[in-house]
Amino acid sequence: MSILTIAEAAKLIAAKKLSPVELAKTHLERIGRLDSELNAFLMVTEERALADAKAAEARQMSGSLRGKLDGIPIAHKDIYNTAGIRTTAHSKLLKDNVPTHDARVVAKWAAAGTVMLGKLSTHEFAFGGPAFDLPWPPARNPWNREHFTAGSSSGTGAAVAAGLIMGGTGSDTGGSIRGPAALCGIAGIKPTYGLCSRVGILPLAYSLDHAGPMAWTAEDCALLLQGMAGHDPEDPASADRPLPDFTAELGKGAKGLRIGVVRHFFETDNRASDATRAGIDAALDFFRKEGAEVRDIILSPMVDYFAVGWLLMVSEAFALHGPWLRERFMDYSEMLRDRVALAAMLSGPDIVQATRRRRVLCREMAKAMADLDVIVMASAPAEAPRIDNVPKWSGIEKPSFTMPCNVTGFPAISVCTGFGEGGLPVSIQLAGKPFTEPTLFRAAHAYETAMPWRSKRPAMAA
Amino acid sequence: MPVPPSIDEAELAAILKRAGLTLTPDQVRGLLPGAAIFQGLIARVNAPLPREAEPAVTFDVEQT
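Residues numbered from 1 in each chain as written. Chains lettered and ligands numbered in written order. Predicted model: local features only at pLDDT ≥ 70, side-chain atom pairs only at ≥ 80, totals over all residues.

## Some points on the overall build of chain B
How we decide: Counting from the N terminus, the helices are the DSSP runs of H or I reaching at least four residues and the strands are the DSSP runs of E reaching at least two. With C-beta atoms placed from the backbone, a residue is buried if 20 or more other C-beta atoms are within 10 Å of its own, exposed if 12 or fewer are, and partly exposed between those counts.
Tallying secondary structure elements over chain B gives 2 helices and 0 strands in all. Residue burial in chain B is summarised as follows: out of 64 residues, 19% are buried.

Set out below in structure tokens:
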């Protein structure tokens, strides 16, 4: 069976031309064959998967499918609580943790009929990685297993790219969906802050944490987001507003879109690789030819966004992990404990100033986007580096491209723009105004369907 | 942007201890390169803002 997208599989399942049980077995077979080289899974839940698939197949046969996610093989990042199934955060501290309840998003996907294949690798507590001093090894990039996946949704990125799952959950506090999406050559969206419930997801930093989907295409992300999003009164940040059809604008093309390019982010603030910049320029050429209006815009230096985001992230993380850090410092990976420990250097006024500056930056981005539909940035500076050459402080030496949308809460999606000199993916990031995900999917889908990149999988997955 | 002060091993150890983290000298030395970068980020968020510019750290009185 060739590797299908969710949209393709949903059509075949609806037409009774594809068995959900066979689909699940195919993915379980791929996991069995390939995952020992990828470490994308911390746990494979074969029994659960087959039970889910049989239930989906029964609905298929009785004409009672629950929608386009019914029978679709997925897996969850291992910070999403799964009732009765171990949830470790990839950490020694939670290696035997078995939640009693599903995270809200896990329950929503299950109710939509998805088939759960297992739990996926993450950077420890969605923060520290790649780490080689944990009970489980870090995930590897399927395009080249000597290279990094980025993180923290590392297992999801690797598993989607290799065709082990059709989609999966990620979380994004400073770029943890878009980073692995970029380096693994898939699509991943950090939705607007408040769109998806975080209830039952192990937190890293409450004011920056976002739940979101990762998949091979933007269209698949739209389908998955439809099954994730929605108001949850138990999440204080949850937005109480009508849910749009996230696929509503797919196929409308790029004509008429107003696109702003934050060129200084990837040309001067943190100069991206030649291949990354060439990919962005080619994408902008595509949008212009399709009839979009494209112009450069100027925001504050990217490091201003990054400094605010990083300080808030580590201070909130320290508040959460402080008790364990004080008593079990060495039970964390060096990557996590050393990064979070630096929060001890912060004063109360530092946090107040970061919070004040955050709102200044939110207003700046909103003003810049007032007459725009999409803004364009890089997702990552370059192709994935070697996994054994990721310095402990690399995450703060240069400002990240993803943090600005964590600071502002604006939605942003990463999609593949081709391949660099090393044969690994490069990418572009499209961001929108709050709750304009359908427009982001429209732009990303128009680009993806016009380009050849979605027809090429990693060699190991062929 | 204000220039961050330098930080040495003794200062960093004291700051960590105040936060309840008692680390070995090797562990503190391992943090020093990151601490220097981190000081730059702290300085960045402390760049002057007019006092009235943004009264953040507010809350919604109706939120439950």
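## Re unusual backbone geometry
All names here are of chain A. Residue Ser152 is reached from Gly151 by a cis peptide bond, and omega for that bond is 20 degrees. In this fold, Ser152 is placed in the loop between strand S3 (115-120) and helix H5 (154-161). Its identity is not glycine, yet Asn39 carries a phi of approximately 60 degrees, on the positive side. Looking at where Asn39 falls in the secondary structure, it is placed in the loop between helix H2 (20-38) and strand S1 (41-44).

## Re helix H3 (residues 46-62) of chain A
Residues and elements named next belong to chain A. The cut-off we apply is this: Between the first and last residue of a helix there are one fewer steps than residues, each counted as 1.5 Å, and that sum is the expected span. Along the arc lie the directions from the helix axis toward the C-beta atoms. Residues are scored as being in contact if the C-beta atoms we place from backbone atoms lie within 7 Å.
The end-to-end C-alpha separation of H3 is 24 Å, in line with the 24 Å expected for 17 residues at 1.5 Å each. Residues of H3 that are buried: Ala49, Asp52, Ala53, Ala56, Glu57 and Gln60. One face of H3 carries all of its buried residues, which in axial projection span an arc of 140 degrees. Exposed residues lying more than 90 degrees from the buried face of H3 are Glu47, Ala58, Met61 and Ser62. Buried residues in H3 make contact with helix H1 (6-14), H2 and S3. Just downstream of H3 lies Gly63, where phi reads positive at about 70 degrees.

## Details of the pairing of strand S10 (residues 412-419) of chain A
Residues and elements named next belong to chain A. Formally: The pairing criterion for strands is at least two bridges between them, as found by DSSP.
In terms of residue burial, S10 counts as a mostly covered element, since 6 of its 8 residues are buried. Note that strand S5 (residues 187-190) and S10 share 3 bridges and pair antiparallel. Paired with Gly188 across the bridge in S10 is Ser414. Relative to strand S11 (residues 425-431), S10 runs antiparallel, the two being bridged by 7 bridges. Note that in S11 the partner of Val415 across the bridge is Ile428. Hairpin geometry of S10 and S11 is characterised by an intervening segment of 5 residues between the two adjacent antiparallel strands and by a positive phi of about 85 degrees at Gly423.

## Considering the confidence of the model for chain B
Condition: The quantity called pLDDT is the predictor's confidence in a given residue, expressed from 0 to 100.
Confidence in the prediction for chain B averages 86 pLDDT; 83% of positions are at 70 or higher. Scoring of the predicted complex yields 0.97 for pTM and 0.94 for ipTM.

## Digging into the sheet that holds strand S9 (residues 374-377) of chain A
All names here are of chain A. Quick note on the threshold: An axis is simply a line fitted to the C-alpha atoms; with a helix, the fit covers only the stretch in contact. Between two such axes, the angle follows the N-to-C directions and lies from 0 to 180 degrees.
Read from one edge to the other, the open sheet built from 11 strands follows the order S1-S3-S2-S4-S6-S5-S10-S11-S9-S7-S8, with strand pairing classed as mixed. If you trace the sheet from one side to the other, it starts and ends with S1 and strand S8 (293-296), each paired once. Strand-to-strand twist of the sheet, defined as the mean angle between neighbouring strand axes without regard to direction, takes the value 30 degrees. Direction of pairing for strand S4 (residues 167-172) relative to strand S6 (residues 210-215): antiparallel, over a ladder of 6 bridges. Paired with Gly168 across the bridge in S6 is Met214. Strand contacts of H3: S1 and S3, with the helix running at about 155 degrees to S3, the strand carrying the most contacts.

## Brief notes about the interface of chain A and chain B
The line we're drawing: Under this grouping Gly is polar, as are all residues other than the nonpolar Ala, Val, Leu, Ile, Met, Phe, Trp, Tyr, Cys and Pro and the charged Asp, Glu, Lys and Arg.
With 31 residues of chain A at the interface, the matching set in chain B holds 23 residues. Where the side of chain A that touches chain B is concerned, the elements lending two or more residues are helix H10 (302-328), helix H11 (334-341), helix H12 (348-368) and helix H13 (394-397) of chain A. Of the residues forming the side of chain A that touches chain B, the biggest block, 10 residues, is contributed by H12 of chain A. Its residues assigned to classes, the side of chain A that touches chain B shows 18 nonpolar, 3 polar and 10 charged.

## Quick look at the environment of Gly113 of chain A
Checked against the element boundaries, Gly113 of chain A lands in the loop between helix H4 (104-111) and S3. The residues contacting Gly113 of chain A, other than those within four sequence positions of it, are Ala56, Arg59, Leu65, Arg66, Gly67, Leu69, Asp70 and Gly71 of chain A.

## Brief notes about the environment of Met116 of chain A
Mapped onto the elements of the fold, Met116 of chain A is located in strand S3. When the C-alpha atoms of Met116 of chain A and Ala9 of chain A are compared, they prove to be 16 Å apart, with 107 residues separating the residues in sequence.

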